[in-house]
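Chain residues, written in single-letter form:
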Amino acid sequence: MNQLAQSKEPFEDLGFGSKDFEGIDRLIHKNGQFNVKKKGMPWFRTYDAYHRLISMSWIKFILLVCVSYSVINLIFAAAYVFIGIEELSVTRSNLKWENLYEAFFFSSQTITAVGYGRVNPTGFWSGLVSSVESLLGLMVFALITGLIYGRFSRPHARILYSEHAIVAPYQEINALMFRVANKRSSELIEVEAKLVYTYYDPDHKKRIYKNLKLERNKVDFLPLTWTIVHPLDENSPLQGTNEEEFLRQNGEFLILLKGFDDSFSQEVYTRSSYKNKEVKWGRKFKIAYQGQKDGTLALWMDSLHDSEEVPLNG
């Protein structure tokens, strides 16, 4: 694919360096995460714990809270049993598991400050342990409350990208296109797009980055879909490339979108990428919105990926 190597001066770097990465399928995952794992770091890092807790999925976060709650109560229940169940105002049983679950429920009442009153500490050591547990409960639930607030208030974009990019007819030539839409009910304004093509050039033994010029790199509003278009004209590093050469290049299109979210009153960012094998040739996107009888426009988000076959120009 000589046109790429002979085009204008490439980007020196975008943060990934210019070396080849053997065995690496892509630089950015479809969900926007960088395909990088940091090794040689301590397993637990206090400076990274908040980021992990604030950025993990809601399912993982809720499971972590439930598991942590159960483990903490089990530890304190074991402590009460070790001290002696007779130091709690509960009927002692000859079965250890009955004593343990009584201590567990007392622990859960203490750590949450519910305090039903059926069981209470009657000795010095049980009172000391329950006091420590009460203090721990106040701090832990204050921390969880702060994390939940941080997760809800954290500004981030929810952009839906089309499953595939396409090469479609565009005016008298062809163009590379992909489509995006805002999944949130909030409004995005002043949305900007940047598209970079990267590939490894074996002749020069370095990774090349090409900034691809877009038909339009900014829209003021994003209420519907936005088809982002890179014309394959004489200024494009992909001009004159056929599908076979394109697939053999095994490059990657890196996408950065940013916009202003009026709900958070902050700028938000999102990333994604398409590998060459995720680009379909000779297709065009179908319209994903339609006027309704009530005078509104309906945007069908599940139709964002739909395309149909068309002949290419040239």
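Scope of this entry: the structure provided in the associated data block. (Residues numbered from 1 in each chain as written. Predicted model: local features only at pLDDT ≥ 70, side-chain atom pairs only at ≥ 80, totals over all residues. Heavy atoms only, no water.)

### Regarding the overall build of the protein chain
Then, number 1: For the protein chain, the helix and strand inventory stands at 6 helices and 14 strands.
Then, number 2: Radius of gyration (C-alpha) of the protein chain: 29 Å, far over the 20 Å computed for a compact globule of 314 residues.
Then, number 3: Here the C-alpha coordinates of the protein chain stretch approximately 90 × 60 × 35 Å along the principal axes.
Then, number 4: Pairs at least 24 residues apart make up 68% of the contacts formed inside the protein chain by residues separated by at least 6 positions.
Then, number 5: Surface exposure of the protein chain reaches about 19,500 Å², of which carbon and sulfur atoms provide 55%.
Then, number 6: Taking the average place of the 37 positive charges on the side chains of the protein chain and the average place of its 36 negative ones, the gap between the two points comes to 4 Å. (Helix = DSSP H or I, 4+ residues; strand = E, 2+ residues; numbered from the N terminus. Rg over C-alpha atoms; globule rule 2.2 N^0.38 Å. Contact = heavy atoms within 4.5 Å. Areas by Shrake-Rupley, 256 points an atom, 1.4 Å probe, with all protein chains shown as cover. Lys, Arg positive; Asp, Glu negative; His and termini not counted. Charge placed at Lys NZ, Arg CZ, Asp CG, Glu CD.)

### Here we look at the nonpolar core
Then, number 1: Phe 178 and Phe 253 are the most contacted members of the largest nonpolar core, which totals 31 residues.
Then, number 2: Only β1 (159–161), β2 (165–170), β3 (173–182), β4 (188–201), β7 (225–231), β8 (252–261), β9 (266–275) and β10 (279–281) provide two or more residues apiece to this core.
Then, number 3: With 6 residues, β4 is the largest single contributor of residues to this core.
Then, number 4: Those residues in contact with Phe 253 that lie beyond four places of it in its chain are Leu 176, Leu 195, Val 196, Tyr 197, Leu 212, Leu 238, Phe 246, Ser 272, Ser 273, Tyr 274, Asn 276 and Val 279.
Then, number 5: Counting residues in hydrophobic clusters, the runner-up holds 11 residues, among them Phe 76, Ala 77, Leu 88 and Val 119. (Core = buried A, V, L, I, M, F, W, Y, C linked by side-chain atoms within 4.5 Å. Buried < 20%, exposed > 50% of the residue type's maximum accessible area, 1.4 Å probe, protein only.)

### Here's the deal with the packing of aromatic side chains
Then, number 1: In this structure the tally under the stated criterion is 10 aromatic pairs.
Then, number 2: Ring centres of Trp 58 and Phe 61 lie 5.9 Å apart, and the angle between their planes is 90 degrees; on these two criteria the pair is classed as edge-to-face. With Trp 58 and Phe 61 both in helix α3 (residues 58–83) and 3 residues apart, this pair spans about one turn of that helix.
Then, number 3: Here Trp 58 falls in the partly exposed class, since its relative accessible area comes to 36%.
Then, number 4: Feature note: the residues Tyr 197, Tyr 199, Phe 246, Phe 253 and Trp 281 constitute an aromatic cluster, connected by ring pairs. (Phe/Tyr/Trp six-rings, centres within 6.5 Å; stacked < 30°, edge-to-face > 60°.)

### Looking at a nonpolar patch on the surface
Then, number 1: Taken together, Trp 58, Ile 62, Ile 148 and Phe 152 make up a surface patch of nonpolar side chains, about 400 Å² in accessible area.
Then, number 2: At the level of secondary structure, the elements contributing two or more residues to the nonpolar patch comprise α3 and α5 (124–153). (Patch = residues over 30% accessible without salt bridge, like charges linked within 9 Å, V, L, I, M, F, W, Y side chains within 5 Å. Salt bridge = Lys/Arg side-chain N within 4 Å of Asp/Glu carboxyl O.)

### Concerning the packing of α3 against α5
Then, number 1: Close contact between α3 and α5 brings their axes to 11 Å; oriented N to C, the two are set at 175 degrees. Here α5 runs roughly antiparallel to α3, going by the angle between their axes. Contacts between α3 and α5 involve Trp 58, Phe 61, Val 65, Tyr 69, Ile 72, Asn 73, Phe 76, Ala 79, Tyr 80 and Ile 83 from the former and Trp 125, Ser 126, Val 129, Ser 130, Glu 133, Leu 136, Phe 141, Ile 144, Leu 147, Ile 148, Arg 151 and Phe 152 from the latter.
Then, number 2: Classifying every residue of the contact of α3 with α5 by side-chain character gives 17 nonpolar, 3 polar and 2 charged. (Axes fitted to C-alpha atoms, helices over the stretch in contact; angles between N-to-C directions. Parallel < 35°, antiparallel > 145°, perpendicular 65-115°, else oblique. Nonpolar A, V, L, I, M, F, W, Y, C, P; charged D, E, K, R; others polar.)

### Let's talk about the pairing of strand β5 (residues 206–211)
Then, number 1: Across 6 bridges, β4 lies against β5 in antiparallel orientation. Across the sheet, Val 196 pairs through a bridge with Asn 211, a residue of β5.
Then, number 2: Between the antiparallel neighbours β4 and β5 lie 4 residues, among them Lys 205 with a positive phi of about 50 degrees. (Pairing = 2+ DSSP bridges.)

### Looking at the environment of Ile 159
Then, number 1: The topology assignment puts Ile 159 in strand β1.
Then, number 2: The class of Ile 159 is buried, set by a relative accessible area of 11%.
Then, number 3: When the C-alpha atoms of Ile 159 and Arg 271 are compared, they prove to be 9.0 Å apart, with 112 residues separating the residues in sequence.

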